[in-house]
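A look at the structure
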Amino acid sequence: MTQRKPRYGAARTCPICRKPIGKRPTAKARSGKTCHAACLTRAQDAGAAGAKPPAPRQWNTAAAEREFARNKAAIEDGRTFRGHQSSGWRLGSSPSSAGETSR
């Protein structure tokens, strides 16, 4: 009987970056798995006790209020529908009398 090969080259890939190990320098992790030395040092540096996570982004409410005021003014001025033709309708009249010509 022949011996089966590991699927997808699982024995030859780095467990951290999932790239082939190849001929790059390797190191053994605490779990006993072989990985790239550079990947292991990056993972250890990221998990160091003194490392702080990046600060969350703060929402700029002043900029949002300015954008809202700009959009509201554009809607009220009628600048948002530039591609549309102006309507001939008049307040209080029927739509059928808007654009009729005499025959």
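Here the structure is a predicted model, which means the values were calculated and not measured.

What follows is about the overall build of the protein chain. What the protein chain contains, in helices and strands, is 2 helices and 2 strands. Scanning the protein chain from its N terminus toward the C terminus, one meets helices and strands in the order β-β-α-α. Taken over 103 residues, the protein chain has a buried fraction of 8%. Of the contacts made within the protein chain by residues no fewer than 6 positions apart, 6% connect residues no fewer than 24 positions apart.

Moving on, we get to the nonpolar core. C14, I21, A29, C35, C39 and L40 together form the largest nonpolar core, which totals 6 residues. The residues contacting L40, other than those within four sequence positions of it, are I16, A27, K28, A29 and C35.

Along the chain, P20 turns up in the segment before β1 (26–28). Sequence spacing of P20 and C35 is 15 residues, and the spatial spacing of their C-alpha atoms is 9.4 Å. Excluding residues that lie within four positions of it along the chain, P20 makes contacts with R12, T13 and H36.

Here we take up helix α2 (residues 61–77). In a regular helix each residue adds 1.5 Å, so 17 residues correspond to 24 Å; α2 covers 24 Å between its end C-alpha atoms and thus fits that length. For α2, the side-chain oxygen to backbone nitrogen distance between the N-cap and A62 is 3.3 Å, and the N-cap itself is N60. After α2 finishes, the residue G78 shows a positive phi value of roughly 80 degrees.

Analysis parameters
- In every chain, residue numbers begin from 1 and rise along the written sequence.
- The model is predicted, so local features are restricted to residues of pLDDT at least 70 and side-chain atom pairs to those at 80 or more, both for listing and for counting; the totals for chains, interfaces and linings are taken over all residues.
- To obtain the side-chain values, all non-hydrogen atoms of the structure were included, while hydrogens and water were left out.
- Secondary structure is summarised from DSSP: a helix means a run of H or I of at least four residues, a strand means a run of E of at least two, and numbering begins at the N terminus for each.
- Remark: exposure states derive from per-residue accessible area (1.4 Å probe, protein chains only) relative to the maximum for the residue type, with buried under 20%, exposed over 50%, and partly exposed in between.
- The criterion used for residue contact is that any of the two residues' heavy atoms lie within 4.5 Å.
- The criterion is simple. A nonpolar core is a set of buried Ala, Val, Leu, Ile, Met, Phe, Trp, Tyr and Cys residues joined through side-chain atoms within 4.5 Å.
- An expected span of 1.5 Å times one less than the residue number is assigned to each helix.
- Polar contact criterion, stated in full: a pair of N or O atoms within 3.5 Å, where within protein one must be able to donate a hydrogen and the other to accept it, and residues adjacent in sequence count only if both atoms are side-chain atoms.

Everything listed here is a matter of coordinates, which is why it stays silent on function.
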